[in-house]
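If you want the building blocks of each chain, they are given just below.
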Amino acid sequence: MSLRQTIIRSGLETLYFSGAHVALRPLLGGVGAILTLHHVRPPRPDRFQPNHLLEVTPRFFERVIKSLRRSGIDIVSLDEMHRRLSEGDFARRLVCLTFDDGYRDTLQYAYPILKAAAAPFAIYVVSSFADRLGELWWLALEAVIANNNRIGLMIAGRNRTFDCTSVAEKRALFDELYWYVRSRPTDAETRAIVRDLAACYRVDMAALCEQHCMSWQELAELAADPLVTIGAHTVNHPMLAKVAEDTVRSEMNLSRSVIEAALSVKPQHLSYPVGDRSSAGAREFRIAADLGFKTAVTTRPGVLFREHRAHLTALPRISLNGEFQRLRYVRVLLSGSATAMWNGFRRAEAA
Ligand SMILES: [Zn+2]
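Here, residues in each chain are numbered from 1, in the same order as that chain's written sequence. Given that the model is predicted, a residue must reach a pLDDT of at least 70 before its local features are reported, and side-chain atom pairs must reach 80 or more before they are shown or counted; all residues, however, enter totals for whole chains, interfaces and linings. Hydrogens are left out, water is left out, and the side-chain values use all remaining heavy atoms of the structure.

A. Structural view of the overall build of the protein. The secondary structure content of the protein amounts to 15 helices and twelve strands. Only C-alpha atoms enter the radius of gyration; for comparison, a globular chain is expected to reach 2.2 Å times N to the power 0.38, where N is the number of residues. Computed over its C-alpha atoms, the radius of gyration of the protein comes to 20 Å, within 12% of the 20 Å expected for a compact globule of 351 residues. Relative accessibility under 20% of the residue-type maximum defines a buried residue, over 50% an exposed one, and the middle range a partly exposed one, all with a 1.4 Å probe and only protein chains included. Put simply, the protein has 351 residues, and 55% of those count as buried. Charged side chains in the protein number 45 positive and 37 negative. The centres of these two groups are separated by 7 Å. A run of DSSP states H or I qualifies as a helix once it reaches four residues; a run of E qualifies as a strand once it reaches two. Both are numbered from the N-terminal end. Charge counting follows a simple rule: Lys and Arg are positive, Asp and Glu are negative, and His as well as the terminal groups are ignored. Charge placement uses NZ in Lys and CZ in Arg. For Asp and Glu, CG and CD serve respectively.

B. Seen up close, the coordination of the zinc ion. Surrounding the zinc ion are the protein donor atoms Asp 101 (OD), His 233 (NE2) and His 237 (NE2), which sit 2.1 to 2.2 Å from the metal. Donor atoms (N, O, S) are those found within 2.8 Å of the metal centre, with the cutoff raised to 3.2 Å for Na, K and Ca; water is not part of the atom list, so apparent gaps in a site can occur. Sequence spacing among the residues donating to the zinc ion works out to D-x131-H-x3-H. Of the two residues, Asp 101 sits in strand E5 (residues 94-101) while His 237 sits in the loop between strand E9 (228-232) and helix H12 (245-263), which places them 136 residues apart along the sequence.

C. Local environment of the side chain of Glu 135. Position of Glu 135 among the secondary structure elements: in the loop between helix H6 (127-130) and helix H7 (137-147). Each polar contact in these results corresponds to two N or O atoms within 3.5 Å; when the atoms are within protein, one needs to be able to donate a hydrogen and the other to accept it, and residues that are neighboring in sequence are counted only if both atoms are side-chain atoms. There is a polar contact of 2.8 Å between the side chain of Glu 135 and the side chain of Arg 191. At 2.6 Å, the side chain of Glu 135 and the side chain of Arg 195 are in polar contact. Residue contacts are defined here by distance: any two heavy atoms, one from each residue, within 4.5 Å place the two residues in contact. Filtering out sequence-adjacent residues up to four positions away, Glu 135 remains in contact with Phe 129, Arg 191, Arg 195 and Met 205.

D. Molecular detail of the pattern of salt bridges. Counted as salt bridges are all cases of a side-chain nitrogen of Lys or Arg within 4 Å of a carboxyl oxygen of Asp or Glu. Scanning all chains against the criterion turns up 25 salt bridges. Across the salt bridge formed by Asp 290 and Arg 249, the nearest N and O atoms sit 3.0 Å from each other. Of the two residues, Asp 290 is situated in helix H13 (residues 282-290) and Arg 249 in helix H12; the sequence distance between them amounts to 41 residues. You can call Arg 249 partly exposed: its relative accessible area is 29%. Beyond isolated ion pairs, a larger network of salt bridges with shared partners links Asp 74, Glu 80, Arg 83, Arg 84, Glu 87, Asp 89 and Arg 92.

E. Local environment of the packing of aromatic side chains. Stacked, tilted and edge-to-face pairs are distinguished by plane angle, under 30 degrees for stacked and over 60 for edge-to-face with tilted covering the rest, among Phe, Tyr and Trp rings (Trp via its six-membered ring) whose centres lie within 6.5 Å. Under the criterion given, the structure shown has nine aromatic pairs. Judged by centre distance (5.5 Å) and plane angle (55 degrees), the ring pair of Tyr 272 and Phe 285 falls under tilted. On the criterion of sequence distance, the pair formed by Tyr 272 in the loop between strand E10 (269-271) and H13 and Phe 285 in helix H13 is long-range, its members being 13 residues apart. Using a relative accessible area of 5% as the deciding quantity, one classes Phe 285 as buried. Aromatic ring contacts, followed pair by pair, group Phe 48, Trp 137, Trp 138, Phe 174, Tyr 178 and Trp 179 into a single cluster. Looking at Arg 256, its charged tip hangs above the ring of Phe 293, at a distance of 4.5 Å from the centre. By definition here, charges over rings are those cases where NZ of Lys or CZ of Arg is within 6 Å of the ring centre and within 35 degrees of the ring normal.

F. The arrangement of helix H9 (residues 187-200) in detail. Compared with the 20 Å implied by 1.5 Å per residue over 14 residues, the 20 Å span of H9 between its first and last C-alpha is a close match. Residues of H9 that are buried include every one of Asp 187, Thr 190, Arg 191, Ile 193, Val 194, Leu 197 and Ala 198, and no others. End-on view of H9: buried residues confined to an arc of 160 degrees, all on one side of the axis. Facing away from the buried side of H9 by more than 90 degrees, the exposed set consists of Ala 188, Asp 196, Ala 199 and Cys 200. Buried residues along H9 sit against H7, strand E7 (150-155), helix H8 (167-182) and helix H10 (205-212). Here the expected span of a helix is defined as 1.5 Å times the quantity of residues minus one. Working definition: the arc comes from the directions between the helix axis and the C-beta atoms, pointing outward to the latter.

G. Inspection of helix H11 (residues 216-223) at higher detail. For H11, the full list of buried residues reads Trp 216, Glu 218, Leu 219, Leu 222 and Ala 223. Each buried residue of H11 lies within a common arc of 160 degrees when the element is viewed along its axis, so the set occupies one face. Taken together, the buried residues of H11 touch helix H5 (104-116), strand E6 (121-125), H6, E9 and H12.

As structure tokens, then:
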């Protein structure tokens, strides 16, 4: 486990076992929260799973849903959350369940659990993933490192070679390259690096889409259920803050049109790809509002406060993280106490 994970975990444990999360909830818990999920699927035996934080098991997911039901929190659709925030209807706490990217395991494993619980949820669809033209670059990078014992790469004009035979070396190299790639100043550069690596080490990006993401037909099956809200998550999944303004507009707008053409529902809600500070900021929040999205979500960690009524296209979320699959961590996160500390007690933020 990394040092960062150890620190987060011990913080969550302290807030839980001290009872502080219960004491602080009235103060910091806001009116509810939006949960972020990516993959819900059974555990795999592979020792090299660098994207593991993006997946939880069906068993854990089911326990979270049951626990939410037991604690009397309303699981609501994004439209209902929008209504409550807009009208100031905070009589009951709310939670929204949101799935990013449109992975097939949402249909296979999460959907039956949600259906049985009659729980509404949203899927933010990346239209190029359903079209099999998208670039799941974080999975491509994982595949390149998993399948090779040595990797060559041009970094800052220099040819570098990395050995990655052992699992420990693979983990360390993924960490290093992931953050190198993700922190490139433009999205085009991020993609070019991974595209070259994939071509060089014969990782088929289209096959990754096919393997992991729902087709339009599978999405249509979900879209037909009134429990399901189909949201937009752009065409190509770029880090929007790193592309030109007209591209931001077309990524948001075009994904909405393509989804509407394919599924006959016009998405009213948006999720910013990657969604952290380096990927979505004031400019993106303004454009999403301009384009008429009712709400838009980031991956900035936080619960919902009344103040978010004025920032409906800059909503924070709480991620169900594969490295922290304990109900007590979810309770602490929903209490708002952990995220309040991470955020220096700021509530709504729109910059
Ligand atoms: Zn995404």
